[in-house]
Structures are given as C-alpha cells and as structure tokens.
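Next come the chains, spelled out residue by residue.
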Amino acid sequence: MSRANAYYITSPIYYVNDAPHIGHAYTSLACDALARFMRLDGREVKFLTGTDEHGQKVEKAASAAGEAPQAFVERMSRRFSRLSDQMGFTNDDFIRTTEQRHVASVQRLWRELAARDQIYLGVYAGWYSVRDEAFYTESDLVDGMAPTGAPVEWVEEPSYFFRLSAWQDRLLEHYENNPDFIAPETRRNEVISFVKGGLVDLSVSRTSFRWGVPVPDDPDHVMYVWIDALTNYITGVGYPDTAHPEYRRFWPADVHLVGKDILRFHAVYWPAFLMAAELPPPKRVFAHGWWTNEGRKISKSLGNIIDPVALVERYGLDQVRYFLLREVPFGNDGDFSHRAMVSRMNDDLANDFGNLVQRVLSMVNRNCDARVPEPGALEDADEKLLAAAHALLDELRDSFARQSFHTALIRLWEVIGAANRYVDEQAPWALNKTDPARMRTVLYVLAETIRHLAVLAQPITPGGAGRILDQLAVDEGARGFASLGPDGALVPGTPLAKPEGVFPRYVEAGQGAR
Ligand code: ME8
C-alpha cells in the first residue's frame, strides 16, 4: 500500500512503576478511536502503545518489591497489556523499552548523534534532594531547601549532553513552517515561547544507577530517560533498519497523542533528536488535558485514583469510552463525576440513540414482517434526513483529522436528534392504519439513517454500534465507510432479527428500572 494511505498513531509508553489509571486509559482510548476511524475509512493503520521500563524509579521499585528489575518490569508491563484487552484497544503492536529491538534502536540513534557531534561528555551538577528524588536549580531553592522543604545537597556527576541549544532556531522555523505540528493552539503557543526563551543542552546519561540502556562505548553510563523513551516511536516501525517496509510506510508518524505534561519532550526534544540525526520529525503532536475526580485533583496521596477497569465494570465499556471522548473537548482539562457519567450514559446513549433504534426496529419487526421495508417515493422531510446522514462522513473526517472527538459526537447526536424528531412528526405508528405504504417509506428512511449512525459510531462505541448493525443484518464486510451513502443502502426484504436494547440505562442502587 502507498505511503499516502498509511496512518501511524502512537500513545505515550507508560511507566511500569504505576498501576494503570485513567490517564493511561484516556490517551490510549483516543488513539484507539482514531485508529478505528482510519481503518474503517480504508487507511492502513499502525497504532503503537507500550511501556517505559528503565530508570532509577523502576530500579528502586523493583528492589522495594524484592525483585530483580527484569522480573519486576515483566510483571508490571503485563498490567498494561491487559488494560488494552480490557478496554478493547486495537493497538497493532505493544513495545517495551527493555526489548532487544529497542535497545538496538536507541543505541543506534545515539551513535548517529555522536557521529554528528551532537553529544558530548560534560558534568551534570545540581541541588539534589534524596527525599524528593529530584534535582533543583539555584532559583528553585527556598532558604537553602527544596521548595518541598526537603534538604538538598550539591551533586556533580559526569554526564553526556545533547546539544539541544543548537536547535533553537531550527525548531522555531519548523513550528513556523508546520502550523499543525503542535495542537491545540494554546499549547503550541506555550511551546513556542518556551523555545524562544532559550534552550540549554540536555543531560542524556547517568552514572548513578544501572537500570537503563548502556551508552555505546562507555559502559559506566546508562541513557537517561527521554532519549530512551521517545525513540520507541521509531523502534516500533523497524528502526534502525530505515529500509524496513514499516519504516518506509509509516515514518514520519501522523500523530503522537500525549498528555499536556509531556508535550515539551515530544514537541521540543524529540524533533531536535530526529533532525540532529537527519531523520524526519513526526507530523503532529497533540496534547490532551487532565482529568480531575469529582472536582478534585487526582493524586495517590488523596487516594482518589480512578481505575479505568472499575469504571468499565460499573458503567460499561461503550459508556466509558463515549463519556471520556464526549464530555470534554479533547485538549481541555475535565472533571469526572458519577453524575455527569450517568447523565451521558442515560440521556445520550440510552434515551437518544438507544430509544431511536429500539423504536424504529420494533416497528419494523411488528409492522413490516420483520424485514427491511420497501420504500416508496421520497418526500422532502425524507430527503432532508438522509442528506444529513450522508453528510456525516465528511464532517467526521474533518473532526477526527483535528482530534476533535467531541465535535464528531456532537454532529452524530444532532442527526440522532433530527431522526427522533422525524419519528415524532411522521408518526409511523399512526400511518400503519392510514397509509401503510408511507409508513414503510418512513421506516426505511429511519433504518438507513440508523445504519449511517451506527457505522460512524463504531470507533467510539464499537460494542453497541456493532449490535445495531447486527440487528440491521449488515454484513461484517459491509461496515466500513465505503459502504456509506446510497450504494451500500439496506436492501428491502432482508429479514431482520428481533430487536434488543443496545445501550442499557444506569440504575442507581435502590431504584427500580424505569
Ligand atoms: O509520562 N488525566 O509515562 P506515564 C489525564 N513514560 N491524563 C493523565 C492524568 C490525568 N489525571 N494523569 C496522568 C510517561 N495522565 C512517560 C512517557 S512517552 C515517550 C514517555 C497522563 O505513565 C499523562 O499526561 O507517567 C501521560 O500522558 C500519561 O497519563 C502517563 O504516562
């Protein structure tokens, strides 16, 4: 397949020392929705996720657990691959930074940088707090202590540095020439002013711990986090083999989705590393916002971490996927609350979409001999609803290309709303007695609208959308976007199974089902 048809999307690779939480599930979910959308649109997709397994924190966590680092990361990484299964993520690959393919890749990138004099040996010095496990600059200190109040000591150790400062102008030029490289816009402006403020060379090795990729030709040093972690994106497509079919097809990546806290590494360090090695930078980096829990910042010490699997068990997978991508414009911060979750799941999914499908398919089942009805001549109202359904694909393409999931969903729900109003206006239950031919036309128009809605909802709510398409007897092979529009229309006379509800309501404990 040609490069133009390929689509490469990545999530961050997650630190294994944390249990999977909402942040991990959120970025991967957005990637998954985008990957599914592009596949249904006929693109050849590669969706990469995985785990970040090196560094001092992992070394310490392993030792605290009484395990060798390798055994520890094996065990912890599996929790993330399991999360992918539990959330229905369709990643094509799962990369781990301790894999041989990655060690070879990052060592090669290092050599390429060193060969171009982009890396040099210097001394890393700073105020270190053992308690915080963090370095502070002179200006961070408050009365000679860390801003946290912890004591600090002056530490110096040999370190390799990447000449980040030399890339300031070329980075700014790159942002200027590629206005879509960083999104959203406000984040782009932040990155640009950060780079304009001046870049200092970046420490890229350590001698104070061992759990990392050894620096080529200097085994006292291991690579220090970001150069190791970011390189996963090219390892995943076969680097250092730049003739690898996947590298040729998929690099540069179409989009790296990341949280706002790690945007700087992706939008500054990563393109600088790549340009310095004479490799093309990714096409786009999109930073999403952060969730709070019932209005409060999420933190381990508050004990209010949101476990994505527990959410799915409580509300359902489609429901959680829909909520996370609908409730908050992608890129903004947002709040998770039980109330908002239940309102989305009951109002939008059960009432608006679920009831539309249930009402229409029940009437077809009862009044049309459980077959797709034969339509007669179309009236204006029919044409109008079908035209809105047909227009959705282009509108959603535009939204997904901008990672604007919530606008895609708003648009889908506008058509769901229009279809519900059309049912009320046309009153097909009354036509059953007065004008059965007209009733069949109305139900056909509705079934065809629902087919469009379900095909296009698959990336977000794959379970429910799939069950709707099952109930419309749409073949598995006819669920891609190529089937949208009149050419793929439902065939009158096709027998349909008895309809069943697709989006259950959430019923609060103690309340009966309504
Ligand atoms: O950063 N809401 O790994 P990580 C939304 N290994 N997103 C959140 C969040 C919240 N409350 N809390 C965290 C790393 N996140 C590196 C990445 S990539 C080459 C290396 C997001 O396990 C956060 O923004 O800390 C980040 O994208 C991810 O969860 C956490 O990743």
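Residues numbered from 1 in each chain as written. Predicted model: local features only at pLDDT ≥ 70, side-chain atom pairs only at ≥ 80, totals over all residues. Heavy atoms only, no water.

Asker: Talk me through the sheet that holds strand E8 (residues 202-203); I want residue IDs and the actual numbers.
Answerer: Spatially, four strands are ordered E5-E4-E6-E8 in an open sheet, and the strand pairing comes out antiparallel. Looking at which strands have only one partner, the edges of the open sheet turn out to be strand E5 (134-136) and E8. For strand E4 (residues 119-129) and E5, the ladder comprises three bridges, and the chain directions are antiparallel. Within the sheet, the bridge partner assigned to serine 129 lies in E5 and is alanine 134. (Pairing = 2+ DSSP bridges. Helix = DSSP H or I, 4+ residues; strand = E, 2+ residues; numbered from the N terminus.)

Asker: I'd like a description of unusual backbone geometry, backed by residues and values.
Answerer: With an omega of -5°, the peptide bond between alanine 183 and proline 184 qualifies as cis. Looking at the element boundaries, proline 184 is found in the loop between strand E7 (182-183) and helix H6 (185-196). With omega at 0°, the peptide bond leading from tryptophan 251 into proline 252 counts as cis. The topology assignment puts proline 252 in the loop between helix H9 (245-250) and strand E11 (255-259). The backbone phi angle of aspartate 143 is positive, close to 50°, even though this residue is not glycine.

Asker: A description of the domain arrangement of the protein should follow, citing residues and the corresponding values.
Answerer: Considered domain by domain, the protein is made up of domain 1 (3-289) and domain 2 (338-488). Of note, the centres of domain 1 and domain 2, computed from C-alpha atoms alone, are 42 Å apart. Taken together, the contacts link twelve residues of domain 1 with 17 residues of domain 2. Between domain 1 and domain 2, the buried area comes to about 1,200 Å², and carbon and sulfur atoms account for 69% of it. When the buried area of domain 1 at its contact with domain 2 is split by residue, Phe37, Leu40 and Asp41 rank highest and sum to 50% of it. At the boundary of domain 1 and domain 2, one finds one salt bridge. The residue arginine 397 makes a salt bridge to aspartate 41 at a minimum N-O spacing of 2.8 Å. There are three residue pairs in polar contact (both at pLDDT 80 or more) connecting domain 1 and domain 2. Put simply, the parts of the chain that give the side of domain 1 that touches domain 2 at least two residues each are helix H1 (22-40) and E11. Considering each element in turn, the side of domain 1 that touches domain 2 owes the most residues, six residues, to H1. For the side of domain 1 that touches domain 2, the residue count by class is nine nonpolar, no polar and three charged. (Domains from an automatic or database assignment. Contact = heavy atoms within 4.5 Å. Buried area = accessible area lost by both parts, 1.4 Å probe. Salt bridge = Lys/Arg side-chain N within 4 Å of Asp/Glu carboxyl O. Polar contact = N/O pair within 3.5 Å; in protein donor to acceptor, adjacent residues only side chain to side chain. Nonpolar A, V, L, I, M, F, W, Y, C, P; charged D, E, K, R; others polar.)

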